[in-house]
Amino acid sequence: MNSYRLTHLKELESESIFVLREVAAQFERPVLLFSGGKDSIILSHLARKAFWPAKIPFPLLHIDTGHNFPETLAYRDRWVERIEAKLLVRYVQDSIDAGHAVEERGPNASRNVLQTVTLLAALEELKADAAIGGGRRDEEKARAKERFFSHRDEFGQWDPKNQRPELWNLFNGKKHIGEHFRIFPISNWTEMDVWQYLYREQVEMPSLYFTHQRDCIDRDGVLLAKSEFVALKPGEAVRSYQVRFRTIGDMTNTGAILSPASTMEEIIQEVAAVRTTERGNRADDKRSEAAMEDRKKEGYF
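All values derive from a computational prediction rather than experimental measurement.

### Section: the sheet that holds strand E3 (residues 87–91)
Hydrogen bonds between backbone atoms are what pair the strands of a sheet, whose relative direction is either parallel or antiparallel.
Here comes step 1: The six strands are arranged E3-E2-E1-E4-E6-E5 in an open sheet whose pairing can be described as mixed. Looking along the sheet, the strands with just one partner apiece sit at the ends: E3 and strand E5 (149–152). On average, each strand axis in the sheet is tilted by 30° relative to the strand beside it, whichever way the strands run.
Here comes step 2: Each of strand E1 (30–33), strand E2 (60–64) and strand E4 (130–132) touches helix H2 (residues 38–51); the most contacted strand, E1, lies at about 140° to it.
Here comes step 3: Packed on one face of the sheet, helix H5 (residues 115–126) meets E1, E2, E3, E4 and strand E6 (180–183) and runs near 145° to E2.

Quick look at the structure:
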């Protein structure tokens, strides 16, 4: 890794740590949203660095759809124990059982949208005034509109046309009662930056990110992992592929990519050559041109 890359990563690390410390200084009850994916892993790693030798001063919050990869949950529990963080889990199934959310039906059914209901309820229950997330501006056009401190109104909703300026790294966390902020400390990172940094820091990663054989369903160009949560459509078949995942989420909409990359070095080489964003294999983002922005306005991550 050349000296420019090391300097660049150090600057990104310093910026993110500064933002995390600002959260601890400005807010009373922040939480860090944790999914078990690479962005939330890097966030928790940065938070550990930011407050070392003290423990991370806020809990990790996982919104569990009930349709997670088993490998993700196993990694989550192992990682949280390693960094000695407090983990809170809230379940989409509980929102469904309470009648606060309605399960989708049909072969394309997903609980991804329902996460918003559970997340907003969890933030209200915990009286959280800030939720730290791993969104990056290079991921998707709606995420590119975000600030580091992203204001949410009393309904948890986001107005992309009414955001506060962030000049000279000055962040305005003032809010009215009932409002909160979403915080995005790695906004300026790219997928390449994330993998370069994880490689430099020698962070253990979930096995899903590395090549393996998996039974999948090819649905409109998206390779969905075979599971009890994905029903076959007429004409679809299950086949074995050599794949890995660029992003980790709900099994019903997270697509795999064909890949032989078995090490971080090989993943970095692959990311350098790819010309599609990592969310290009997320079926939920293909529902409409503005799918992500619509969900974010309603309170999504």
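### Thoughts on the pattern of salt bridges
Here comes step 1: Here the structure, examined in full by the defined rule, presents 16 salt bridges.
Here comes step 2: Measuring nitrogen to oxygen at the nearest pair gives 2.9 Å for the salt bridge that ties Lys49 to Glu201. Of the two residues, Lys49 is situated in helix H2 and Glu201 in helix H6 (residues 191–201); the sequence distance between them amounts to 152 residues.
Here comes step 3: Take Lys49: its relative accessible area is 32%, and that puts it in the partly exposed class.
Here comes step 4: One salt bridge in this structure joins Arg214 and Glu71, with 2.6 Å as the shortest N-O distance. You can see Arg214 sitting in strand E7 (residues 212–219) and its partner Glu71 sitting in helix H3 (residues 70–83), a full 143 residues away along the chain.
Here comes step 5: Look at Arg214 and you get buried, because its relative accessible area is 13%.
Here comes step 6: Using a relative accessible area of 27% as the deciding quantity, one classes Glu71 as partly exposed.
Here comes step 7: Overlapping salt bridges, with partners in common, bring together Lys10, Glu13, Lys49, Arg200 and Glu201 in one network.

Parameters at a glance
- Residues numbered from 1 in each chain as written.
- Predicted model: local features only at pLDDT ≥ 70, side-chain atom pairs only at ≥ 80, totals over all residues.
- Heavy atoms only, no water.
- Pairing = 2+ DSSP bridges.
- Helix = DSSP H or I, 4+ residues; strand = E, 2+ residues; numbered from the N terminus.
- Axes fitted to C-alpha atoms, helices over the stretch in contact; angles between N-to-C directions.
- Contact = heavy atoms within 4.5 Å.
- Salt bridge = Lys/Arg side-chain N within 4 Å of Asp/Glu carboxyl O.
- Buried < 20%, exposed > 50% of the residue type's maximum accessible area, 1.4 Å probe, protein only.

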